[in-house]
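# Structural characterization, general
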Amino acid sequence: IADNFQRFIDKFEEHGFDFRIAVIGSDAYKDEFNASLNKSAFRAGNYLDGNANTVTAPKILTPQTPDLEKAFIANIIVGIDGSGDERVFQSLRAAMNNQANRDMDFPRADAYLSIIMVSDEDDFSWDGSGSKDNQYGDPLLHTPESYVGFMDGVTNSSATNRTYSVNSIAILDVACRVALGDNGRKIATRQNALATLTNGILGSLCDDFGTTLSTISNKII
């Protein structure tokens, strides 16, 4: 994602569009059980500017952000030390409900909102703190449809006028899972279902990220 950011943002810059970009990790949901963790706050990473000074990137990136690509890379490199309990849906909800994020006017009421979920596993969001990993038949799992309803509320959308989409870059088939080495990785059945329900793009972790990001940006435009 970091390496191909420019292919995502090129057309927005070319047309002079007013964009805002924020990043969270997939363990942002933990704030729902311990608010002091503050994992649902938009990320602000550090990078070196042209003078080798350490700079903290803004939490909200805009066309006016200095060193935009460096700032995005600093925010998107979240590492691999997060929770193994994958809950991208619940993390999205936690970020949208985080008052500090909302105080930064994100998302804007007059803007189209594009969510891009990136994961090599699947979502297992539910109300409890224990893991429901791989328990696809558990009736306590949050349904993808419930997050369509949640996002409709956040964006004041309806089924006939949806001002957002949820896109998924994940494992789409067994061949990709095997190519990535298995090791607990999963086909993102639930995550991909949410993307399909909101007319989002399905991108494969095994395909060219630049092409996928370009397709998503074209759809937003």
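Rules of the game
- Residue numbers restart at each chain and count upward from 1, following the sequence in its written direction.
- Side-chain atom pairs in this predicted model are given and counted only at pLDDT of 80 or more, local residue features only at pLDDT of at least 70, and totals for whole chains, interfaces and linings cover all residues.
- Excluded from the side-chain calculation are hydrogens and water; included are all heavy atoms of the structure.
- We count a stretch as a helix when DSSP gives it H or I for four or more residues in a row; a strand needs E for two or more, and each element gets its number in order from the N terminus.
- Expected helix span is given by 1.5 Å per residue-to-residue step, counting one fewer step than there are residues.
- What is meant by a nonpolar core is a set of buried Ala, Val, Leu, Ile, Met, Phe, Trp, Tyr and Cys residues, joined one to another through side-chain atoms within 4.5 Å.
- Whether a residue is buried, partly exposed or exposed follows from its accessible area with a 1.4 Å probe, protein chains only, as a fraction of its type maximum: under 20%, in between, or over 50%, in that order.
- Every axis corresponds to a line fitted to the C-alpha atoms, with the helix fit spanning only the stretch in contact, and the corresponding angles, defined between N-to-C directions, vary from 0 to 180 degrees.
- Should an angle lie under 35 degrees it is considered roughly parallel, over 145 roughly antiparallel, and from 65 to 115 roughly perpendicular; all remaining angles are considered oblique.
- The crossing is said to be left-handed when, going from far helix to near helix, the turn is anticlockwise and less than a right angle, and right-handed when the turn is clockwise.
- Contact criterion: two residues are considered in contact whenever any of their non-hydrogen atoms come within 4.5 Å of each other.
- Aromatic pairs are defined between Phe, Tyr and Trp rings, using the six-membered ring for Trp, whenever the two ring centres lie within 6.5 Å; interplanar angles under 30 degrees are classed as stacked, those over 60 as edge-to-face, and all others as tilted.

The terminal C-alpha atoms of helix α5 (residues 144-155), which comprises 12 residues, lie 17 Å apart, in line with the 16 Å expected from a rise of 1.5 Å per residue. The positive-phi residue at the C-terminal boundary of α5 is Asn-156, with phi of around 55 degrees.

With that out of the way, let us pick up unusual backbone geometry. Where the residue is not glycine, phi is negative for most of them; where a peptide bond is considered, it is trans in most cases. Cis geometry marks the peptide bond from Phe-106 to Pro-107, where omega comes out at 0 degrees. In this fold, Pro-107 is placed in the loop between α4 (99-102) and β3 (113-118). With a phi angle near 55 degrees, Asn-38 is a residue other than glycine that sits in the positive phi range. Following the sequence through the fold, Asn-38 ends up in the loop between α1 (5-15) and β1 (46-48).

Grouped together as the largest cluster of nonpolar side chains are 22 residues, with contacts concentrated most on Phe-5, Phe-8, Ile-9 and Ile-21. Listing elements by their share of this core, those giving two or more residues are α1, α2 (68-76) and α8 (209-220).

The interhelical angle for the contact between α1 and α8, taken along N-to-C directions, is 30 degrees, at an axis separation of 7 Å. For the element pair α1 / α8, the angle class is roughly parallel. Taken as a pair, α1 and α8 cross one another with a handedness that is right-handed. Where α1 approaches α8, its residues Arg-7, Phe-8, Lys-11 and Phe-12 are matched on the opposing element by Gly-210, Thr-211, Leu-213, Ser-214, Ile-216, Ser-217, Asn-218 and Ile-220.

It is worth spelling out the packing of aromatic side chains at this point. According to the stated counting rule, one finds eight aromatic pairs in the structure shown. Where Phe-8 meets Phe-12, the ring centres are 5.6 Å apart and the plane angle is 45 degrees; that geometry is what we call tilted. With a gap of four residues between them, Phe-8 and Phe-12 both fall in helix α1, about one helical turn apart. When its relative accessible area of 11% is taken as the criterion, Phe-8 is described as buried. Classification of Phe-12 as buried rests on a relative accessible area of 7%. Seen from their ring centres, Phe-89 and Tyr-147 are 5.2 Å apart, and the 45 degrees between their planes marks the pair as tilted. Separated by 58 residues along the polypeptide, Phe-89 in helix α3 (residues 88-97) and Tyr-147 in helix α5 bring together distant segments of the chain. For Phe-89, a relative accessible area of 0% corresponds to the buried category.

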